[in-house]
Amino acid sequence: MNEAEKTEWIDEKNKIVSFHVMDNGEMIIKTENLFCEFLFRLTSAGYRVM
């Protein structure tokens, strides 16, 4: 069975993570089991979630 994939956009300059397309963002796709851990690490590093 394939795992669901989650997509987010990251703006490293402004330390923003978004679940919507950002002009200055890099699209990141992770499997569902890695997604939460990745998001937690970003917020722990000071990224804001929008």
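What you are looking at is a predicted structure, and each value in this text was computed from that prediction instead of being measured.

Caption draft 1: Structural view of the nonpolar core. Membership of the largest hydrophobic core is limited to seven residues, which are I10, V17, I28, F35, L39, L42 and Y47. At three residues, helix α1 (residues 32-44) tops the list of elements feeding residues into this core. Setting aside anything within four residues of it in sequence, one finds Y47 in contact with I10, D11, E12, K15, I16, V17 and L42.

Caption draft 2: Broad picture of the packing of aromatic side chains. In this structure the tally under the stated criterion is one aromatic pair. Plain terms: the ring middles of F19 and F35 are 6.0 Å apart, the flat faces sit at 50° to each other, and that makes the pair tilted. In this pair, F19 sits in the loop between β2 (16-18) and β3 (26-31) while F35 sits in helix α1, placing the two residues 16 residues apart along the sequence. A cation over a ring is seen here: K30 above F38, with NZ or CZ 4.5 Å from the ring centre.

Caption draft 3: Spotlight on the sheet that holds β2. The sheet built from four strands is open, its strands ordered β3-β1-β2-β4 with mixed pairing. Unpaired on one side and paired on the other, β3 and β4 (48-49) mark the two borders of the sheet. As defined by bridge partners, strand β1 (residues 5-11) adjoins β2 across three bridges and the pair is classed as antiparallel. The partner of D11 across the bridge, within β2, is I16.

Rules behind the numbers
Residues numbered from 1 in each chain as written. Predicted model: local features only at pLDDT ≥ 70, side-chain atom pairs only at ≥ 80, totals over all residues. Heavy atoms only, no water. Core = buried A, V, L, I, M, F, W, Y, C linked by side-chain atoms within 4.5 Å. Buried < 20%, exposed > 50% of the residue type's maximum accessible area, 1.4 Å probe, protein only. Helix = DSSP H or I, 4+ residues; strand = E, 2+ residues; numbered from the N terminus. Contact = heavy atoms within 4.5 Å. Phe/Tyr/Trp six-rings, centres within 6.5 Å; stacked < 30°, edge-to-face > 60°. Lys NZ or Arg CZ within 6 Å of the ring centre and 35° of its normal. Pairing = 2+ DSSP bridges.

Everything listed is a geometric property; what it means functionally is a separate question.
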